[in-house]
Amino acid sequence: MRHTVCIAYYMKNSSNHSSNPASTDVFENLRLELRRGCLIIAVLGQLKTERYGYTLRKAMEDAGLPIDEGTLYPLLRRLETQGLLVSEWREEDKRNKRFYRLSAEGKRIFKQLIEEWENINASLEQILTEE
Amino acid sequence: MELIERYLQAVGFWLPKTQKRDILAELSEDIRSQVEDKESELGRKLTEADLEEVLKQRGSPIMVANRYLPQQSLIGPVLYPIYLLVLKMAWLFCFVPWLAVWICLNIFVPSYRGNAAGNLIVGTLHGFWMALVYIFASVTFAFAVVEKYALKSGFLEKWNPRKLPPLRDANRIKRTNSIAEVVALLAVCAFWLTFMSSPVMVNQPDLKIILAPSWRIYFWSILALMLVTCAFSMVNLFRPYWTRLRATVRLFTDGMGWGLFAWLCKTNLIAEITLPNVAPEKTMHAANAINWWMSLSFPFIIAGGVLVVLLDMYRIVRIKDTATPSAGGLAALVGICG
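Scope of this entry: the structure provided in the associated data block.

Thresholds applied
- Residues numbered from 1 in each chain as written.
- Chains lettered and ligands numbered in written order.
- Predicted model: local features only at pLDDT ≥ 70, side-chain atom pairs only at ≥ 80, totals over all residues.
- Heavy atoms only, no water.
- Helix = DSSP H or I, 4+ residues; strand = E, 2+ residues; numbered from the N terminus.
- Contact = heavy atoms within 4.5 Å.
- Buried < 20%, exposed > 50% of the residue type's maximum accessible area, 1.4 Å probe, protein only.
- Areas by Shrake-Rupley, 256 points an atom, 1.4 Å probe, with all protein chains shown as cover.
- Axes fitted to C-alpha atoms, helices over the stretch in contact; angles between N-to-C directions.
- Parallel < 35°, antiparallel > 145°, perpendicular 65-115°, else oblique.
- Left-handed = near helix turned anticlockwise from the far one by under 90°.
- Nonpolar A, V, L, I, M, F, W, Y, C, P; charged D, E, K, R; others polar.
- Pairing = 2+ DSSP bridges.
- Phe/Tyr/Trp six-rings, centres within 6.5 Å; stacked < 30°, edge-to-face > 60°.
- Core = buried A, V, L, I, M, F, W, Y, C linked by side-chain atoms within 4.5 Å.
- Salt bridge = Lys/Arg side-chain N within 4 Å of Asp/Glu carboxyl O.
- Buried area = accessible area lost by both parts, 1.4 Å probe.
- Disulfide = S-S within 2.5 Å.
- Patch = residues over 30% accessible without salt bridge, like charges linked within 9 Å, V, L, I, M, F, W, Y side chains within 5 Å.
- Lys, Arg positive; Asp, Glu negative; His and termini not counted.
- Charge placed at Lys NZ, Arg CZ, Asp CG, Glu CD.
- Expected span 1.5 Å × (residues − 1).
- Polar contact = N/O pair within 3.5 Å; in protein donor to acceptor, adjacent residues only side chain to side chain.

## Focus on the overall build of chain A
Move 1: The number of helices and strands found in chain A is five helices and three strands.
Move 2: Its helices and strands in sequence order give chain A the pattern α-α-β-α-α-β-β-α, from N to C terminus.
Move 3: A separation threshold of at least 6 residues defines the contact pool for chain A, and within that pool the share at least 24 residues apart is 49%.

Written as structure tokens, this is what we have:
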């Protein structure tokens, strides 16, 4: 619930920017910057249970955070290189699929990230309600 | 499905060999899952046009591959502003002297004016263009080396706030500069009076050099100019701020100095060279050669002079600008008074 504060805030105000192409670009860049960190947390959160790439994408889309494959797969590789995810190739429905899940280190870091996220959210809520 | 294989092959072309197989297998699986989903949604097999649409949505092969590659740059964002500054400065130091010399050559050297305009422009632009390319290449190479090897040492993080340059005041004259000017001018004046007063510049048994009568005019003019400049530097020492009057005096003295020097180059300064056991015709020939070489330097001296005078003029303009209160300044004043 609290995790959506920033996104909701920006989406609420996005209609004000639509007329000017320059400000639309600015908004789009800021939106992407804002999303970048959120997506990492969302992906880590989704991978508490094992999934392969396509189902992960679907799950993210269903949760309201669509992510294109060009962003998702390189991100998964990066997180795996950093030791936050583990993966294995397995056959399912007669096709080889790569399944990802959080590693022990990933679980630890994810917990820290959630704490940090909640602190940021609390601060933002305070700032935004002051306005 | 051949279209998908072709797409994967095109993506694979840009991927590193070590990860290629793995990435393509995963990408292939994702595309096939998407195709299956779409087929069950439409209730039929996808046509070529449908497949084309699916692949188009994913982006061009090079863009897709690029997302898997590490971010690479020859000069990264930390060094880039410094790189741009150095490039601009190098360009300025190359272009301004080149332009000044080119203008002077065209004004003062008849053989230059004699060339066809087209040949002249092409020839000079070629030289200038090559100089620019060399500057660009060498500066870029140097920064690429720093980016690759030196940046990792963290040398940019080793800094001390106390060593930051002092606040810039465009109108302030550094006292150290004034002291250096006074000391140097007094030393040069002493040297000038002791050794340069006579047109007989060298008077040894094995060599005698006599200067043209124009030397007398030059000698006294330069001496007067040095004394004026010395007095001026002393005033600057005690009142270390540029005023428009003093900046104009500096413009005048600098212009006079460079003008006299340029004039001297055109006066066939060496009148006579005497060497024992050397025929007078030969020594006369040597004197003429020296005079000729000196006259050749005329355009370069004019170019240097023009540059100095322009900088002096800029100083006067800058003093004028800073003396005029800005709108913001006025507003602030009104605010304070109100």
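## Considerations on the overall build of chain B
Move 1: The helix and strand inventory of chain B stands at 13 helices and three strands.
Move 2: Taken over 338 residues, chain B has a buried fraction of 31%.
Move 3: In chain B, the share of contacts with a sequence separation of at least 24, taken over all contacts with a separation of at least 6, comes to 74%.
Move 4: Only carbon and sulfur atoms are counted for the fraction: they give 68% of the accessible area of chain B, which is about 22,500 Å².

## A look at the packing of helix α2 (residues 17-42) of chain B against helix α3 (residues 48-58) of chain B
Residue and element names in this part refer to chain B.
Move 1: Relative to each other, α2 and α3 sit at 130°, their axes nearing to 11 Å. Between α2 and α3, the crossing angle belongs to the class labelled oblique. Both α2 and α3 take part in a crossing whose hand is right-handed. Contacts between α2 and α3 involve Leu27, Asp30, Ile31, Gln34, Val35 and Lys38 on the former and, on the latter, Leu51, Val54, Leu55, Gln57 and Arg58.
Move 2: Grouping the amino acids of the contact of α2 with α3 by side-chain chemistry returns six nonpolar, two polar and three charged.

## Re the sheet that holds strand β2 (residues 207-211) of chain B
Residues and elements named next belong to chain B.
Move 1: If you trace the three strands from one edge of the open sheet to the other, you get β1-β2-β3, paired in antiparallel fashion. Pairing within the sheet leaves two strands with one partner each, and these edge strands are β1 (200-204) and β3 (270-274). The average undirected angle you get between the axes of adjacent strands in this sheet is 15°.

## Concerning the packing of aromatic side chains
Residue and element names in this part refer to chain B.
Move 1: Considering all chains together, one arrives at twelve aromatic pairs over all chains under this definition.
Move 2: Between phenylalanine 13 and tryptophan 14, the ring centres sit 4.9 Å apart and the planes meet at 90°, which makes this aromatic pair edge-to-face.
Move 3: Take tryptophan 14: its relative accessible area is 42%, and that puts it in the partly exposed class.
Move 4: Relative to tryptophan 293, the ring of tryptophan 292 lies with its centre 5.1 Å away and its plane at 75°, an arrangement referred to as edge-to-face.
Move 5: By relative accessible area, which is 49% here, tryptophan 292 ends up partly exposed.
Move 6: The class of tryptophan 293 is exposed, set by a relative accessible area of 57%.

## Considerations on the nonpolar core
Move 1: Counting residues in hydrophobic clusters, the biggest one holds 41 residues, and the most contacted among them are Val43, Met60, Leu76 and Leu85 of chain A together with Val11 and Ile31 of chain B.
Move 2: Ranked by the residues each element gives to this core, the list is headed by helix α2 (residues 21-46) of chain A, at six residues.
Move 3: When near neighbours in sequence (up to four residues on either side) are disregarded, isoleucine 31 of chain B contacts Ile4, Tyr7, Leu8, Leu55 and Arg58 of chain B.

## Description of the pattern of salt bridges
Move 1: For the coordinates displayed, the defined rule picks out 24 salt bridges over all chains.
Move 2: Its salt-bridge partner being lysine 97 of chain A, residue aspartate 93 of chain A comes within 3.9 Å of it at the nearest N-O pair.
Move 3: Put simply, glutamate 29 of chain B and arginine 95 of chain A hold a salt bridge, and the shortest N to O gap is 2.8 Å. On the criterion of chain membership, the pair formed by glutamate 29 of chain B in helix α2 and arginine 95 of chain A in strand β3 (residues 95-102) is interchain, its members lying in two chains.

## Considerations on the packing of helix α9 (residues 214-238) of chain B against helix α10 (residues 244-265) of chain B
Residue and element names in this part refer to chain B.
Move 1: Running from N to C, α9 and α10 cross one another at 160°; their axes reach a closest spacing of 10 Å. Our classification of the angle between α9 and α10 gives roughly antiparallel. Regarding α9 and α10, the two cross each other, and that crossing is left-handed.
Move 2: By residue class, the composition of the contact of α9 with α10 is 14 nonpolar, seven polar and two charged.

## Digging into the environment of isoleucine 270 of chain B
All names here are of chain B.
Move 1: By the secondary structure assignment, isoleucine 270 is in strand β3.
Move 2: For isoleucine 270, a relative accessible area of 13% puts it in the buried group.
Move 3: Between the alpha carbons of isoleucine 270 and alanine 289 there is a distance of 9.6 Å; along the sequence they are 19 residues apart.
Move 4: Other than its neighbours up to four places away in sequence, isoleucine 270 contacts Ile209, Ile210, Leu211, Ala287, Ile290 and Asn291.

## Quick notes on the interface of chain A and chain B
Move 1: The partner chain B presents 14 residues to the 18 residues of chain A that form the contact.
Move 2: Contact with chain B buries surface across chain A, with Tyr54, Arg77 and Arg95 of chain A losing the most and accounting together for 40% of the total.
Move 3: Here chain A and chain B share ten salt bridges between them.
Move 4: Residue aspartate 68 of chain A is joined to arginine 67 of chain B by a salt bridge in which the shortest nitrogen-to-oxygen separation is 3.9 Å.

## Some points on the pairing of β2 of chain B
All names here are of chain B.
Move 1: When β1 meets β2, the two strands line up antiparallel, connected through four bridges. Considered in β2, the bridge of valine 200 is made with isoleucine 210.
Move 2: Two successive antiparallel strands, β1 and β2, enclose a turn made up of two residues.

## Remarks on the state of the cysteines
Move 1: Counted according to the given criterion, the structure contains zero disulfides over all chains.
Move 2: Cysteine cysteine 189 of chain B remains unbridged, with the sulfur of cysteine 230 of chain B as its closest cysteine sulfur at 6.3 Å.

## Considering a negative patch on the surface
Move 1: A cluster of acidic side chains, namely Glu2, Glu48, Glu52 and Glu53 of chain B, defines a negative patch on the protein surface.
Move 2: A per-element tally of the negative patch places α3 of chain B first, with three residues.

## As for helix α4 (residues 69-81) of chain A
Move 1: Here α4 of chain A is 13 residues long and its end C-alpha atoms lie 18 Å apart, about the 18 Å a rise of 1.5 Å per residue gives.
Move 2: Between the side-chain oxygen at the start of α4 of chain A and the backbone nitrogen of glycine 70 of chain A there is a gap of 3.1 Å, and the oxygen is on aspartate 68 of chain A.

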